[in-house]
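If you want the building blocks of each chain, they are given just below.
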Amino acid sequence: MNVLGTLIYACMFGILALALLQAVNKPRQMQTTYLIALLVLLIIHVCGELVVYTGAYQYVPWLVGAQYPLRVLLGPALYLYACATMSPNPEFSKRTYLWALSGPVLVIAVMLPFTISLSSAEKLALADPATRNPEHYKLALFSCFAATQIFVLYTAVYFFRALKLHRRHRQQLMERFSEIESRSLSWFGVILLFWGLVWLCYATGYISVFYGWRWFGQGVILPIFETCVLLAFAYLALKQPILVKADKGEPRSEQPRTSTVSLDRMQRIAVKLQSAMKEEQLFMEEDLSLNKLSKAIGISENHISETLSQLLKTNFFQFVNGYRISHAEKLLKETDMQILTIQFEVGFNSKSTFNTAFKKATGLTPSLYRKQEKAVTA
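Just so we're clear, the structure is a prediction, and the values are computed from it rather than from any experiment.

Criteria and cut-off values
- Residues numbered from 1 in each chain as written.
- Predicted model: local features only at pLDDT ≥ 70, side-chain atom pairs only at ≥ 80, totals over all residues.
- Heavy atoms only, no water.
- Helix = DSSP H or I, 4+ residues; strand = E, 2+ residues; numbered from the N terminus.
- Rg over C-alpha atoms; globule rule 2.2 N^0.38 Å.
- Buried < 20%, exposed > 50% of the residue type's maximum accessible area, 1.4 Å probe, protein only.
- Contact = heavy atoms within 4.5 Å.
- Phe/Tyr/Trp six-rings, centres within 6.5 Å; stacked < 30°, edge-to-face > 60°.
- Axes fitted to C-alpha atoms, helices over the stretch in contact; angles between N-to-C directions.
- Parallel < 35°, antiparallel > 145°, perpendicular 65-115°, else oblique.
- Left-handed = near helix turned anticlockwise from the far one by under 90°.
- Nonpolar A, V, L, I, M, F, W, Y, C, P; charged D, E, K, R; others polar.
- Salt bridge = Lys/Arg side-chain N within 4 Å of Asp/Glu carboxyl O.

Draft legend 1. Up close: the overall build of the protein chain. Secondary structure assignment for the protein chain yields 17 helices and 0 strands. Here the C-alpha radius of gyration of the protein chain, 27 Å, is well above what a compact globule of 378 residues would show, namely 21 Å. For the protein chain, the spread of C-alpha atoms along the principal axes amounts to about 85 × 50 × 35 Å. Looking at the protein chain as a whole, 47% of its 378 residues qualify as buried. In the protein chain, of all internal contacts separated by at least 6 residues, the share reaching a separation of at least 24 is 74%.

Draft legend 2. Examining the packing of aromatic side chains more closely. In total, this model carries 17 aromatic pairs according to the counting rule given. Taking 5.8 Å as the distance between ring centres and 55° as the angle between the ring planes, the aromatic pair formed by Y79 and Y158 counts as tilted. Taken together, the residues span a long stretch of sequence, with Y79 in helix α4 (residues 74-86) and Y158 in helix α7 (residues 134-174) at a distance of 79 residues. For the pair shown, Y79 and Y158 are each scored as buried. One aromatic cluster is present, formed by Y81, F151, F159, W187, F188, W195, W199 and F233 through successive ring pairs.

Draft legend 3. Quick peek at the environment of L21. Relative to the helices and strands, L21 resides in helix α1 (residues 3-24). For L21, a relative accessible area of 52% corresponds to the exposed category. Separated by 15 residues in the primary sequence, L21 and I36 have C-alpha atoms spaced 9.0 Å apart.

Draft legend 4. Spotlight on the packing of helix α2 (residues 30-53) against helix α10 (residues 221-239). Two numbers describe how α2 lies on α10: the axes approach to 12 Å, and their chain directions differ by 160°. Our classification of the angle between α2 and α10 gives roughly antiparallel. Once α2 is placed against α10, the crossing between them reads as left-handed. Residue-level inspection shows L35, L38, L42, H45 and Y53 of α2 in contact with α10, the latter providing P223, E226, L230, F233, A237 and L238. Here the residues of the contact of α2 with α10 sort into 9 nonpolar, 1 polar and 1 charged.

Draft legend 5. Structural detail: the pattern of salt bridges. Under the counting rule described, the total for this entry stands at 5 salt bridges. The residue K292 makes a salt bridge to D287 at a minimum N-O spacing of 2.6 Å. Overall, the relative accessible area of 36% leaves K292 in the partly exposed class.

This is how it looks when you write it as structure tokens:
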């Protein structure tokens, strides 16, 4: 029995069980349903590790590897959760589910010879180099290696699809909203990268055991890292509010957008947009959206979007926040207002968004910008 490994995975099990309990008690939405499914798969994965670390495999050898087919569903489940959370119209066809299920089918196929050809005693004998049968060990090695490669392949494919979905979701939000932090799920991309790293290291470590290789952190640091990632994901996913369709980006074609508005018309729209920002200072509304701007100036959302992208070479988010940053610069130079007050004054309701946007535009944080300007004028 590996005491430390058992404790770590027992902690993981407790975290996931509590998260599952909270998810079950949340209002039933598609996002919550797929989160529940993902948490159940993670619990199965952790239980499989506990069977090994606790030494329970000696009493139930048939359970060893039983979680492998379901583990391949982790990538697809995470992708489906992302779709249910971020897609404006999250509808899944039978083909989507069939592709996801093809992974477990492949794992079962490559593991079947090992599963049906060896008895429980023969499988237990493989755990000790002194008692293992070389031919049986080769079969076990092939099954493990093939199943792990399938897991890595399917996980990588669905992770990249989830990252692509998240990036597209953020881009679509920037075309409609001036404030996207509460809608963009910025945490998702970071957690996804960490999670991918954990599972890649896990798969590599699992294969290395069969070749007798050991590397730093195997069995201790990696499980701790995995626990931290799972804890962060569970907390952030449960905290994430349900996004209604109005809070998501509109679906758009992957094909380049062709102009449907004349150049003269776009130029007139651009003048109206600049007037709305400079004279009416609509940018100071923290919840300004494309829809609200459209109603304020009497021009359709599509025509505004086309003018921004085709003529002004920007999007709604960048266009509005450009005026906010310019006004913030003026207030930082000419007044002694607190930076937090300026942030809200110009329309930002998030300190991190304000600081990020300001530094991107000026190369400095708001506080450093003010110090620099005071030094120049002193």
